[in-house]
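Per-entry structural report
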Number of protein chains: 2
Amino acid sequence: MPLLLLKDLPRYECLLEAAKEFPDLDPSASEVFLHLLRAGDEAYGVSDRNLVSHNISQGRFCVLMLLWRSVQSPAAKLLGPDCCVPGPRTPAELADAAGVTRATMTGLIDTLERDGFVKREPDPDDRRMMSVRLTPKAEEFLRKFLPEHFQITAKLMRTLTESERKTLVQLLNKISQQASVMLGAASEGAPAVVSGTQAV
Amino acid sequence: MPLLLLKDLPRYECLLEAAKEFPDLDPSASEVFLHLLRAGDEAYGVSDRNLVSHNISQGRFCVLMLLWRSVQSPAAKLLGPDCCVPGPRTPAELADAAGVTRATMTGLIDTLERDGFVKREPDPDDRRMMSVRLTPKAEEFLRKFLPEHFQITAKLMRTLTESERKTLVQLLNKISQQASVMLGAASEGAPAVVSGTQAV
DNA sequence: CTTTTATAGTTAGCGCCCTAACTATCAGGT
DNA sequence: ACCTGATAGTTAGGGCGCTAACTATAAAAG
């Protein structure tokens with residue numbers, strides 16, 4: 001649960017009241033915003049609680065999943081989309097794929113290596129680079145853990161019908177897209193939004 | 001942006017592929033889960049970027065908003081729902097309202113006090129307790145900052161129609177409710193879900 | 001009145017995020 | 001060869017979550 005957020009959200013009427021004082025306040029927009037943050041935080045919390053009970057964190061799990069794509073196993077290949085493209089191996093690639101800084105990735109790899117999930121090896125061609133590999137222990141962990149993880153995800157969404165799920169994804173994508181615009185996603189010439197290329 | 005999350009989400013077809021390998025994987029559930037986390041993270045990021053540009057963090061902002069309810073000003077009263085109920089004042093009340101531990105709240109108050117947004121005063125009746133108050137600087141900051149904040153929220157949701165917003169809130173509430181169940185929200189006899197009682 | 005228990009707040013230490021500064025290596029231009 | 005600049009990775013230090021252990025005070029039980 002990463003996010004400090006009010007435990008009880010304001011009622012809609014309160015937002016309406018507040019809007020009288022603050023002309024810029026759009027009650028329904030604020031309502032969506034707060035509910036989105038809360039739902040996201042809670043969903044994260046549900047998943048994270050299970051992770052933590054296995055002595056792993058969200059960030060470390062993410063790294064393991066990324067590295068798994070590089071493992072030469074049928075299961076791993078299925079998870080990768082452009083399946084022939086090799087997964088990330090170097091800290092820089094991992095950081096980029098996970099959307100964190102390299103310094104952060106250094107820390108994650110440090111603890112993963114300390115706990116025996118990962119091994120650093122120097123690149124023979126370029127002595128600046130490292131190559132990160134999963135250990136058998138990590139692969140074993142993932143094979144045991146992932147089914148649990150998927151069950152939890154499925155249970156969390158159980159109360160939504162298929163059509164509701166579809167609607168929800170579309171609406172969330174609208175917000176994501178607008179957020180990208182606002183954060184200035186003026187990166188490469190790519191469409192930039194919802195062009196998924198990674199594993200779970 | 002608190003959450004380490006894959007920058008590119010897997011395409012739905014990849015989830016379908018992966019489901020062949022993992023019978024527990026519910027593709028549409030995982031899809032919603034990932035999009036929810038990402039949209040929440042991005043919405044958080046949009047808001048946080050503005051906060052940070054004012055040298056304040058999400059957590060500190062949250063504390064300021066909670067304390068604002070205790071200020072004897074018309075604006076503050078409007079934001080509070082059960083408007084007559086005084087807002088939280090002690091670190092324990094603040095921690096409870098914000099859903100963090102008291103240790104965390106101690107740290108937040110420390111930095112807020114250091115930066116001149118807040119003042120700690122001992123309670124004359126119970127010498128264990130402290131009372132936290134906003135400084136004029138903090139009130140001034142909020143009056144200047146909140147309109148910006150509301151504008152950003154409104155802009156983020158601009159692409160959603162009123163009916164889409166309504167739908168989205170309902171669907172998010174379904175997930176929140178299920179998450180509460182799964183996290184074991186078996187606290188008091190209260191209904192426990194969506195019973196908002198706080199300020200923005 | 002003394003002992004026990006509960007409560008408020010803090011401190012200490014860890015994880016994971018960040019930025020900024022640093023080292024080592026590589027590649028290009030002269 | 002020799003600077004220059006780019007790149008890979010790490011280190012240092014800060015913020016803000018957490019848990020666990022601690023101090024001081026208050027309240028309850030004997």
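The structure we're discussing is the one just above.
Residues numbered from 1 in each chain as written. Chains lettered and ligands numbered in written order. Predicted model: local features only at pLDDT ≥ 70, side-chain atom pairs only at ≥ 80, totals over all residues. Heavy atoms only, no water.

With the rule as written, the count across this model stands at 10 aromatic pairs over all chains. Centre to centre, the rings of Phe61(A) and Phe145(A) are 5.4 Å apart; their planes meet at 70°, and the pair counts as edge-to-face. You can see Phe61(A) sitting in helix H3 (residues 58-68) and its partner Phe145(A) sitting in helix H7 (residues 136-156), a full 84 residues away along the chain. Overall, the relative accessible area of 4% leaves Phe61(A) in the buried class. According to the relative accessible area criterion, Phe145(A) is buried, its value standing at 1%. Ring geometry for Phe117(B) and Phe141(B): centres 5.7 Å apart, planes at 65°, overall edge-to-face. Pair noted here: Phe117(B) is in the loop between helix H6 (102-114) and strand S1 (118-122) and Phe141(B) is in helix H7 (residues 136-156), with a separation of 24 residues, a long-range link. There is no split in this pair, since Phe117(B) and Phe141(B) are both buried. Ring pairing ties together the aromatic residues Phe61(A), Phe117(A), Phe141(A) and Phe145(A), which thus form one cluster. (Phe/Tyr/Trp six-rings, centres within 6.5 Å; stacked < 30°, edge-to-face > 60°. Helix = DSSP H or I, 4+ residues; strand = E, 2+ residues; numbered from the N terminus. Buried < 20%, exposed > 50% of the residue type's maximum accessible area, 1.4 Å probe, protein only.)

Another aspect to go through is the protein's contact with DNA strand D. Looking at DNA strand D, there are 26 residues lining it, with Pro91(A), Ala92(A), Arg120(A), Ser57(B) and Thr104(B) nearest. The sugar and phosphate moieties of DNA strand D supply 73% of its atoms located within 4 Å of the protein. Thr106(A) is positioned such that a nitrogen or oxygen atom in its side chain is 3.0 Å from a phosphate oxygen of DNA strand D. Broken down by secondary-structure element, the contributors of at least two residues to the surface near DNA strand D are helix H5 (91-98) and helix H6 (102-114) of chain A together with helix H3 (58-68) and H6 of chain B. Per-element tally for the surface near DNA strand D: the top contributor is H6(B), with five residues. (Near = heavy atom within 4 Å. Polar contact = N/O pair within 3.5 Å; in protein donor to acceptor, adjacent residues only side chain to side chain.)

Residue and element names in this part refer to chain A. Running from amino to carboxyl end, H3 crosses H6 at an angle of 85°, the nearest separation of the two axes being 10 Å. Put simply, H3 runs roughly perpendicular to H6. Packed against H3, whose contacting residues are Gly-59, Arg-60, Val-63 and Leu-64, the element H6 presents Met-105, Leu-108, Thr-111, Leu-112 and Arg-114 at the interface. The residue makeup of the contact of H3 with H6, split by class, is five nonpolar, two polar and two charged. (Axes fitted to C-alpha atoms, helices over the stretch in contact; angles between N-to-C directions. Parallel < 35°, antiparallel > 145°, perpendicular 65-115°, else oblique. Contact = heavy atoms within 4.5 Å. Nonpolar A, V, L, I, M, F, W, Y, C, P; charged D, E, K, R; others polar.)

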